[in-house]
Amino acid sequence: MFDKLKKKFSDIFSGNPQDTTEDLNITKNKSVNEEAKPEKTIKRDELENTIEETLLEADVSFDATEKIIQQLKSNLGKLKRKVDYVAVESELKNVIRGIINNNNAGVIDILSVENKPFVILFLGINGTGKTTTIGKLAYYLKNHGKSVVLSASDTFRAGAIDQLAILAGNVGVEIIKHDFRSDPASVAFDAIDHAKARKMDYVLIDSAGRMQTNKNLLDEMKKIKRVAKPDLTLLVLDAMIGQDVIDQATTFSSEINYDGVIVTKLDTDAKGGSIISISAGIKKPILFIGIGQDMDDIMPFDVDWYLNKIFSS
């Protein structure tokens, strides 16, 4: 996971020590009798280009990369000819953490919601892992003692109804489904009505997964949202599609407002920069991430977990 970005950062921040302590921008206080030890440094003139190249190659968007570089330079202040690796790495972590936390502040904890049933609508195009993610989140909620019903509202694809039904059976939750080509909003309405009658905790609504430029299907999703009045609308994004996540998210945002995102397939994301791009470019919180193929391979997003992954040697 994140192998390319991890290796790039490891290469940057694990250079051979050089006897250049007099040139460091930041040095540790040493006693008079303490033996001076060489520090690992990077040349000032190489710093910006090296980090910029690393981020861009890792699928971090150009805008996000520029924002990171400018903030990093501001935080480090005036630099001497050679700069301490440890100081740069620490500040780079702080900058990335700040960008992500800026949009994740006050993110909702779906295990502590008051509304019952709590209705969640899922958006996303085919191939992002949206339907599988709904099954994973149902499994997550059930394992925390919550009752869940799924709404098979992607009625434009018979396979989506069958897939969600299989996932519901595997996870052990209920599902409401209608026939292929039936009204998606009516399925959502019936699922919510079912949950209310049985005092269930959550309704998870699947929706048509087509390209975000398909007007008819976007209109159907808008109708589902009007009818279901979800407490939370989540966009599912594939970490593997690079810069396209910004285009998808922007189009969905202009058509159907959503509250946050779930990023899938991080277990197969060698580059690792999609999380940064999403946080900087979409300005929506990341609630969950998919980290594998099994039903329990979903976790609430944690910025420190992410930073530990991309900066670990």
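Residue positions are given per chain, counting from 1 as you read along its sequence in written order. Where totals are concerned, whole chains, interfaces and linings use all residues; where local detail is concerned, this predicted model gives features only for residues with pLDDT of at least 70, and gives and counts side-chain atom pairs only at 80 or more. As a convention, hydrogens and water are excluded, and side-chain values are obtained from all of the structure's heavy atoms.

Trainee: Can you lay out the packing of aromatic side chains for me, pointing to particular residues and giving the numbers?
Mentor: To pair, rings of Phe, Tyr and Trp, with the six-membered ring standing in for Trp, must have centres within 6.5 Å; the planes then decide the type, stacked if under 30 degrees apart, edge-to-face if over 60, and tilted in the middle. In this structure the tally under the stated criterion is 4 aromatic pairs. Between phenylalanine 9 and phenylalanine 311, the ring centres sit 4.5 Å apart and the planes meet at 5°, which makes this aromatic pair stacked. Of this pair, phenylalanine 9 sits in helix α1 (residues 3-12) while phenylalanine 311 sits in helix α11 (residues 303-311), and the two are 302 residues apart along the sequence. With respect to burial, phenylalanine 9 and phenylalanine 311 carry one shared label: buried. Consider the rings of tyrosine 140 and phenylalanine 288, whose centres lie 5.2 Å apart with planes at 80°: the pair is edge-to-face. In this pair, tyrosine 140 sits in helix α5 (residues 130-143) while phenylalanine 288 sits in strand β9 (residues 286-290), placing the two residues 148 residues apart along the sequence. According to the relative accessible area criterion, phenylalanine 288 is buried, its value standing at 4%. By definition here, charges over rings are those cases where NZ of Lys or CZ of Arg is within 6 Å of the ring centre and within 35 degrees of the ring normal. The ring of tyrosine 258 carries the charged tip of lysine 284 above its face, separated from the ring centre by 5.2 Å. In this text, helices come from DSSP runs of H or I with a minimum length of four residues, and strands from runs of E with a minimum of two, each type numbered from the N-terminal end. Using a 1.4 Å probe on the protein chains alone, a residue whose accessible area is under 20% of its type maximum counts as buried, one over 50% counts as exposed, and one in between counts as partly exposed.

Trainee: Which residues make up the environment of leucine 92, and what are the values?
Mentor: In this structure, leucine 92 sits in helix α4 (residues 85-104). The sequence separation of leucine 92 and asparagine 75 amounts to 17 residues, and the corresponding C-alpha distance is 9.1 Å. We call two residues in contact whenever any of their non-hydrogen atoms come within 4.5 Å of each other. Other than its neighbours up to four places away in sequence, leucine 92 contacts Phe9, Phe13, Ile51, Ile68, Leu72 and Phe311.

Trainee: How would you explain the sheet that holds strand β6 (residues 202-205) if you had to name every residue and give the values?
Mentor: Two strands form a pair only when DSSP identifies at least two bridges running between them. Taken in spatial order, the 8 strands make up an open sheet running β5-β4-β6-β3-β7-β8-β9-β10, and their pairing is mixed. For this open sheet the edge positions go to β5 (174-176) and β10 (298-300), each flanked by a neighbour on one side alone. Taken over all neighbouring pairs, the strand axes of this sheet differ in orientation by 25° on average, direction set aside. By the bridge criterion, 3 bridges tie strand β4 (residues 148-151) to β5 in an arrangement that is parallel. Considered in β5, the bridge of leucine 150 is made with isoleucine 175. Whenever a helix is involved, its axis is fitted only over the stretch in contact; in every case the axis is a line through C-alpha atoms, and angles between N-to-C directions fall within 0 to 180 degrees. The sheet strands contacting helix α7 (residues 184-197) are β3 (118-123), β4, β5 and β6, and the helix crosses β4 at an angle near 165°.

Trainee: Talk me through the pairing of strand β8 (residues 260-264); I want residue IDs and the actual numbers.
Mentor: Counting buried positions along β8 yields 5 of 5 residues, so the element is predominantly enclosed. As judged from the 5 bridges shared by strand β7 (residues 232-238) and β8, these two strands associate in the parallel manner. Among the inter-strand pairings, aspartate 238 is bridged to a residue of β8, identified as threonine 264. Orienting the strands away from the viewer, one traces the path from the first strand over the helix to the second; a clockwise path indicates a right-handed crossover. Crossover β7 to β8 through helix α9 (residues 244-255) is right-handed. In terms of strand pairing, β8 meets β9 through 3 bridges, oriented parallel. Residue pairing in the sheet places valine 261 in a bridge with isoleucine 286 of β9.

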